[in-house]
Amino acid sequence: MQIKDSVALITGANRGIGLAFANELLARGARKVYAAARDPANITQPGVQALRLDVNQPDQVAAAAALASDVTLVINNAGIAQPGGFLMADSEALTRRIFETNFFGMLRISQAFAPVLQRQGGGALLNVLSVASWVNGGELAAYSASKSAAWSLTNALRHELAAQRTQVLALHMAYVDTDLTRGFEVPKSSPEAIVQRALDGLEAGLDEVLADELTQQIRQGLSAARPVYLPQQA
């Protein structure tokens, strides 16, 4: 799809990648940008329409879909993370909390806005995922599992929304210089660079964007050899 003259809604738009999406969409000529956050007072960038939206609150999701009925692009960016492995004492509660936002929040938004996109001729859905969709070293165990589930959700939505001509794009990246990765002493991409590659891919009609070199390397490695647990052809 084309960004110019589009109408976009971004979840988790008050900082980090969400904020970078808002700024880049405006720079590329989007007609309107709904910047959604749990507290719209945190939305300070000029040129956007602030929107109260907690993706874990079904009533707020329904209200957002009713208000933003002209949307042609939905960016599922809201997400949370917390360090820890699955054998921690509180891992079940932590995993449920992370899945509630990273998976079920994405599902709620996608369900609510699919009819909106259909009425606008199809539009696009862009889901912010992660290299953690494919690897889980245990340091961010629940987060990685939630991103794997969100990747599966994205792939299913691509098939389900094909009939209404909605483009579904999965954005994968490794570490990005945001509040989420503060304290991680590793190479990081800028949010602006990740967003530029994502929107370039969207306008090119891609299904998937691998936004940095590490993500490309890991994805290539996964594609190089078929896992032994899959059915083997003679």
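For the structure, check the block above.
Within each chain, residues carry numbers counting from 1 in the order of the written sequence. Totals for whole chains, interfaces and linings use every residue, but because this is a predicted model, local features are given only for residues with pLDDT of at least 70 and side-chain atom pairs only at 80 or more, for both listing and counting. Heavy atoms from the whole structure form the basis of all side-chain values; hydrogens and water molecules are not counted.

Asks: I'd like a rundown of the packing of helix H2 (residues 58–67) against helix H3 (residues 91–119), residues and numbers included.
Replies: In this description, a line fitted to the C-alpha atoms serves as the axis of each element, helices being fitted only across the stretch in contact, and the angle between N-to-C directions of two axes falls anywhere from 0 to 180 degrees. Under the scheme used here, helices are H or I runs from DSSP no shorter than 4 residues and strands are E runs no shorter than 2 residues, and both carry numbers assigned from the N terminus. Look at H2 against H3: their axes get within 9 Å of each other, and the N-to-C directions meet at 20 degrees. Our classification of the angle between H2 and H3 gives roughly parallel. Crossing geometry of H2 relative to H3 is assigned as right-handed. Residues Pro58, Val61, Ala64 and Ala65 of H2 lie in contact with H3, whose contacting residues are Arg108, Ile109, Ala112, Phe113 and Val116. The labels follow the angle: roughly parallel below 35 degrees, roughly antiparallel above 145, roughly perpendicular from 65 to 115, and oblique for the rest. Helix crossings fall into two classes, left-handed where the near helix is turned counterclockwise from the far one by less than a right angle and right-handed where it is turned clockwise. Contacts are assigned to residue pairs with any non-hydrogen atoms lying within 4.5 Å of each other.

Asks: If you had to explain helix H4 (residues 141–160) to someone new, which residues and values would you point to?
Replies: Look at H4: 29 Å from first C-alpha to last across 20 residues, which is about the 28 Å you get at 1.5 Å a residue. Every buried residue of H4 is listed here: Ala141, Ala142, Tyr143, Ser144, Ser146, Lys147, Ala149, Ala150, Leu153, Thr154, Leu157 and Arg158. Packed against the buried residues of H4 are H3, strand S5 (124–128) and strand S6 (167–172). For a helix, the expected span equals 1.5 Å multiplied by the number of residues minus one. Only protein chains enter the accessibility calculation, which uses a 1.4 Å probe; a residue whose area is less than 20% of its type maximum is buried, one above 50% is exposed, and one in between is partly exposed.

Asks: Let's hear about unusual backbone geometry: which residues, and what values?
Replies: The backbone of Asp5 sits at a positive phi, close to 70 degrees, despite the residue not being glycine. Inspection of the secondary structure puts Asp5 in the segment before strand S1 (7–10). A positive phi angle, near 65 degrees, is found at Arg165, a position not held by glycine. By secondary structure assignment, the location of Arg165 is in the loop between H4 and S6.

Asks: Break down helix H5 (residues 191–203) for me, with residues and values.
Replies: Over its 13 residues, H5 runs 18 Å from end to end, which matches the ideal 18 Å to within 8%, given 1.5 Å per residue. Those residues of H5 that fall on the buried side of the exposure criterion are Pro191, Ala193, Ile194, Val195, Ala198, Leu199, Gly201 and Leu202. Of the residues one or two after H5, Gly205 is the one with positive phi, at around 80 degrees.

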